Amino acid sequence: VQLVESGGGLVQAGGSLRLSCAASGRAFNLNDMSWYRQAPGKQRELVAVISSSGGSTNYADSVKGRFTISRNNPKNTVYLQMDSLKPEDTAVYYCNAKGVDILTTKLLEVWGQGTLVTVSS
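Residues numbered from 1 in each chain as written. Predicted model: local features only at pLDDT ≥ 70, side-chain atom pairs only at ≥ 80, totals over all residues. Heavy atoms only, no water.

1. Quick look at unusual backbone geometry
- We note that Asn76 has phi near 50°; this positive angle belongs to a residue other than glycine.
- Within the secondary structure, Asn76 is located in the loop between strand 7 (67-72) and strand 8 (77-82).
- In this model, Thr105 sits at a positive phi of 60°, which is unusual for a non-glycine residue.
- Along the chain, the position of Thr105 falls in the loop between strand 9 (91-101) and strand 10 (107-111).
- Judged by relative accessible area, Thr105 falls into the exposed class, the value being 58%. (Helix = DSSP H or I, 4+ residues; strand = E, 2+ residues; numbered from the N terminus. Buried < 20%, exposed > 50% of the residue type's maximum accessible area, 1.4 Å probe, protein only.)

Below, the structure written as structure tokens:
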């Protein structure tokens with residue numbers, strides 16, 4: 001299974017960006033999908049997580065009310081809508097997916113390559 005992220009870039013404070021993460025590969029079932037971020041000199045932190053059905057979401061306190069995670073299961077894609085961006089949101093954003101390989105029934109955890117989000121003041 002591979003995750004490919006897109007949508008990062010440079011934006012001014014107060015602006016918006018939408019990140020996408022598409023999963024592909026051999027047969028698998030995805031469970032929770034998440035977005036993490038890592039700012040320069042800091043540890044990677046969880047930003048948002050969404051359950052397999054999309055019915056449950058959780059957010060880091062720092063992004064609550066500004067970011068929205070969603071998913072499109074037929075497309076095996078998760079999104080992160082980021083509004084009211086702040087300079088402190090500047091980081092590399094990583095997609096994470098947990099699931100099960102249908103053929104082997106092995107549990108999977110996969111990371112994307114990361115996409116850079118830069119918010120200027």
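From this point on, the discussion continues.
2. Points about the side chain of Arg37
- Secondary-structure assignment places Arg37 in strand 4 (residues 28-38).
- Judged by relative accessible area, Arg37 falls into the buried class, the value being 6%.
- Among the polar contacts listed, one links the side chain of Arg37 to the side chain of Ser62, at a separation of 3.3 Å.
- Filtering out sequence-adjacent residues up to four positions away, Arg37 remains in contact with Gln43, Arg44, Glu45, Val47, Ser62, Val63, Phe67, Glu88, Asp89, Ala91, Val92 and Tyr93. (Polar contact = N/O pair within 3.5 Å; in protein donor to acceptor, adjacent residues only side chain to side chain. Contact = heavy atoms within 4.5 Å.)

3. Some remarks on the state of the cysteines
- Considering all chains together, one arrives at 1 disulfide under this definition.
- There is a disulfide in this structure between Cys21 and Cys95, and the S-S distance comes to 2.1 Å. Residues Cys21 and Cys95 share a disulfide whose torsion about the S-S bond is about -85°; that sign makes it left-handed. Placement of Cys21 in strand 3 (residues 17-24) and of Cys95 in strand 9 is noted, with a sequence separation of 74 residues between them. (Disulfide = S-S within 2.5 Å.)

4. Observations concerning the environment of Gln12
- Topologically, Gln12 is positioned in strand 2 (residues 9-12).
- A sequence separation of 109 residues divides Gln12 from Ser121, and the C-alpha atoms of the two residues are 6.2 Å apart.
- When neighbours within four sequence positions are excluded, Gln12 is seen to be in contact with Val119 and Ser120.

Nothing here speaks to function; it is geometry throughout.
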